[in-house]
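Notes for the structure review
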Amino acid sequence: MNPSASAPLLTLRRIAKNYGGVRALRGVDFDLAAGEVHALLGENGAGKSTLIKVATGAHRPDAGEITVAGRTLDGLTPTLAQQLGIACIYQQPALFPDLTVAENIGLRLEHGGAARRIDWPARRARATDLLARVGATIAPDTEVGELSMPEQQLVEIACAVGAGARIVIMDEPTASLTQREQARLFTVVRELRTAGVGVIYISHRLEEIFALADRVTVLRDGASVGTHPVAAMDEAGLIKLMVGREVAQLYPPAESPPGDVVLSLQNVGCSAAGVRAVSLEVRAGEIFGLAGLVGAGRTELARVLFGLTPATAGEIKLNGRPIAIGSPQQAIELGIAYVPEDRRRHGVILEMPVAQNMTMAVHRRLFPTSWLRSGAEQSLALEYVRDLAVKCSSCDAPGGSLSGGNQQKVSLARWLATKPRVLILDEPTQGVDVGAKSEIHRIIRRLAKDGLAVLMISSDLPEVLGMSDRIGVMRAGTLAAVLPGGSDAHTVMAMALGQEGDKGAA
Ligand SMILES: Nc1ncnc2c1ncn2[C@@H]1O[C@H](COP(=O)(O)OP(=O)(O)OP(=O)(O)O)[C@@H](O)[C@H]1O
Ligand SMILES: [Mg+2]
């Protein structure tokens, strides 16, 4: 047997990486074999993305050894990584929005000189072929800017396949995918594996790891705490490795019945946002969960209530009084807070310190004179850093230096700091690790107990079922049903899909 054929595709030995005083990686060992899906698991800030950045040459490790297909490399650069067949699919695809799909794929894969003529028919044909291979039904002439994020991800994967990548890395690829898109992605990953590609797969969703991965490496505080065959592990065991302790997977129960109606919607609609005739009430102390498929109009409804796309029909009342929410500024003044879903686009400002990120929505109220600012800002920020267990070197660290999940917590803190009456949460625990997730659930319940009306959008069905006092199911821009808390998954899904006939199960 050819020894190099059985050698791992990728070996990382004793990789260390510091960012200033932060020890992101402290001597991590990792290897990837051909034809395997190797999951990387760990709490927020454990070092997963950093390890990936080292493996793609984006960041240079302070110490350690990188071996690709038997060849130990002195310094790995992004260009060299690409030549060696390493491709990384990011959650936010890095494509040119104004160019077509075929042009984007062409740019990625053609290495001609500037003077080389472009063979348009060949470029189109190859794009068509690659898209078909990854199961995408996207016309090659579509401008990338018109594609959804999951579609852009598929284009990225098509590029990886086209480039003959032997190592494909995916860092939380499914965070915003619908179930069907997720299933398609899984099919693509399995095909890559069958073709002998090695796949590194990062996700906080344990069920994905059990469905997809062959082996799992768990990182904790920048160190590997072990590599195991997935078949030898169960969920509780993985959590314990990851967190270093048992985490109760229980949802905090409501302790008292809800109070008066805080927010009331009567036939609310917004034609531009595709929301129509939504009627619902949320009471003080109540968590109203909004379930539904991605695209059912839940985020659109949240945007209407936050004044981003103001309502054009119906009536909104706050504490019994009719109100108009014409802008986010008005929403904030009325006591409505909105924690948006896509923290990378709407959430944290990467250059701004953590403390300022957390307090920016309350600046004018809290700090009428600027000399009061930094002390009050610091103490407020410290409170949330402690409450939400935000992992950062200090409150002065830039938002961009935090791991993805910790950025999510900062964005949550910002809106909690406004001390709202109505809190709208859009996918509050997306990208957050299991320990932090139960922490956030506890905080949401506590806020409700303190009298807040909470509207919680979530695609995580167990979360909606476990947290909600009542569950609204949205479909095609409107509220299809309101179900009591404790309803079963089957009933909620049937309503979300529009299979009313199945309602008998309720
Ligand atoms: N550019 C940077 N500057 C300073 N610190 C950084 C930088 N990038 C990462 N870190 C720190 O390194 C540690 C590991 O971060 P990393 O992004 O690798 O975590 P992660 O495991 O991917 O977490 P998540 O699940 O939240 O995405 C964190 O403490 C983070 O704050
Ligand atoms: Mg990460």
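As for the nonpolar core
By size, the foremost hydrophobic cluster in this structure holds 67 residues, and its most contacted members are L265, L301 and M358. In terms of residue count, helix α17 (residues 434–449) provides more of this core than any other element does, six residues in total. Not counting the four nearest positions on each side in its chain, M358 is found in contact with A381, Y384, V385, V390, V410, A413, R414 and A417. The next biggest cluster of nonpolar side chains, apart from the first, holds 51 residues, and it includes I138, V155, L185 and M233.

A closer look at the environment of P150
Following the sequence through the fold, P150 ends up in helix α6 (residues 149–162). Separated by 23 residues in sequence, P150 and P173 place their C-alpha atoms 8.6 Å apart. When near neighbours in sequence (up to four residues on either side) are disregarded, P150 contacts L177 and E181.

Describing the sheet that holds strand β4 (residues 63–68)
Adjacent strands of a sheet pair through backbone hydrogen bonds, lying either parallel or antiparallel. Spatially, β2-β1-β4-β5 is the arrangement adopted by the four strands of the open sheet, whose pairing is antiparallel. Each edge of the open sheet carries a strand with a single partner, namely β2 (22–32) and β5 (71–73). Pairwise comparison of adjacent strand axes, ignoring direction, gives a mean angle of 25 degrees for this sheet. Contacts from helix α2 (residues 48–55) reach β1 (10–19), β2 and β4 within the one sheet, and its direction differs from that of β1 by about 115 degrees.

Description of the pattern of salt bridges
On inspection of all chains with the given rule, the structure shows 16 salt bridges. Taking the shortest distance from any N to any O, the salt bridge between E255 and K449 comes out at 3.7 Å. Placement of the pair is E255 in the loop between α9 (235–243) and β11 (261–270) and K449 in helix α17, with a sequence separation of 194 residues. Like E255, the residue K449 is exposed in the burial classification. As a salt-bridge pair, R298 and E427 come within 3.9 Å of each other at their nearest N and O atoms. A residue pair is termed long-range when its members are at least 10 positions apart, and R298 in helix α10 (residues 298–305) and E427 in the loop between β17 (422–426) and α17 qualify at 129 residues.

Some thoughts on the side chain of E463
Mapped onto the secondary structure, E463 falls in helix α18 (residues 461–467). For the buried E463, no salt bridge is present, and the opposite-charge side chain at shortest range is K437, 4.7 Å distant. In this structure the side chain of E463 is engaged in a polar contact, spanning 2.7 Å, whose partner is the side chain of H441. Those residues in contact with E463, other than ones at most four positions away along the chain, are Y251, P428, T429, K437, H441, M456, S458 and S468.

Description of the site of ligand 1
By nearness alone, 19 residues border ligand 1, and K48, T50, S401, S403 and G405 come closest of all. Contact between ligand 1 and N44: an oxygen atom at 2.9 Å from a side-chain N or O atom of the residue. Note that an oxygen atom of ligand 1 is positioned 2.8 Å from one of the side-chain N or O atoms of S49. Computed on the free molecule, ligand 1 has an accessible area of 640 Å², of which 87% lies beneath the protein chains in the complex.

Section: the domain arrangement of the protein chain
By the assigned domains, the protein chain splits into domain 1 (3–243) and domain 2 (258–335 + 420–498). Domain 1 puts 13 residues into the contact, and the matching count from domain 2 is eight residues. Together domain 1 and domain 2 conceal approximately 780 Å² of surface at their shared face, both sides included; 58% is due to carbon and sulfur atoms. Here domain 1 is connected to domain 2 by one residue pair in polar contact (both at pLDDT 80 or more). At three residues, the largest contribution of residues to the side of domain 1 that touches domain 2 is made by α9. Partitioned by chemical class, the residues of the side of domain 1 that touches domain 2 number five nonpolar, six polar and two charged.

Notes on the packing of aromatic side chains
Throughout the structure, instances matching the rule amount to three aromatic pairs. Taken together, a centroid distance of 6.5 Å and an interplanar angle of 80 degrees make the contact between F186 and Y201 edge-to-face. Of this pair, F186 sits in helix α7 (residues 179–194) while Y201 is found in strand β8 (residues 198–202), placing the two residues 15 residues apart along the sequence. Like F186, the residue Y201 is buried in the burial classification. An aromatic cluster of three or more residues is present, and its members are F306, Y338 and W415. The ring centre of W120 lies 5.0 Å from the NZ or CZ of R123, which sits over that ring.

Overview of the environment of D171
Mapping D171 onto the fold places it in strand β7 (residues 167–171). Considering only alpha carbons, one finds D171 and I200, 29 residues apart in sequence, at a separation of 8.2 Å.

Observations regarding the packing of helix α4 (residues 101–109) against α6
How two helices sit against one another is set out by the angle between their axes and by the gap between those axes. Across the interface, α4 lies against α6 with an axial gap of 10 Å and an inter-helix angle of 35 degrees. Between α4 and α6 lies a crossing of right-handed hand. The residues of α6 that touch α4, namely those facing V101, I105, R108 and L109, are V155, E156, A158, C159 and G162. Classifying every residue of the contact of α4 with α6 by side-chain character gives six nonpolar, one polar and two charged.

What counts, and at which threshold
Residues numbered from 1 in each chain as written. Chains lettered and ligands numbered in written order. Predicted model: local features only at pLDDT ≥ 70, side-chain atom pairs only at ≥ 80, totals over all residues. Heavy atoms only, no water. Core = buried A, V, L, I, M, F, W, Y, C linked by side-chain atoms within 4.5 Å. Buried < 20%, exposed > 50% of the residue type's maximum accessible area, 1.4 Å probe, protein only. Helix = DSSP H or I, 4+ residues; strand = E, 2+ residues; numbered from the N terminus. Contact = heavy atoms within 4.5 Å. Pairing = 2+ DSSP bridges. Axes fitted to C-alpha atoms, helices over the stretch in contact; angles between N-to-C directions. Salt bridge = Lys/Arg side-chain N within 4 Å of Asp/Glu carboxyl O. Lys, Arg positive; Asp, Glu negative; His and termini not counted. Polar contact = N/O pair within 3.5 Å; in protein donor to acceptor, adjacent residues only side chain to side chain. Near = heavy atom within 4 Å. Areas by Shrake-Rupley, 256 points an atom, 1.4 Å probe, with all protein chains shown as cover. Domains from an automatic or database assignment. Buried area = accessible area lost by both parts, 1.4 Å probe. Nonpolar A, V, L, I, M, F, W, Y, C, P; charged D, E, K, R; others polar. Phe/Tyr/Trp six-rings, centres within 6.5 Å; stacked < 30°, edge-to-face > 60°. Lys NZ or Arg CZ within 6 Å of the ring centre and 35° of its normal. Left-handed = near helix turned anticlockwise from the far one by under 90°.

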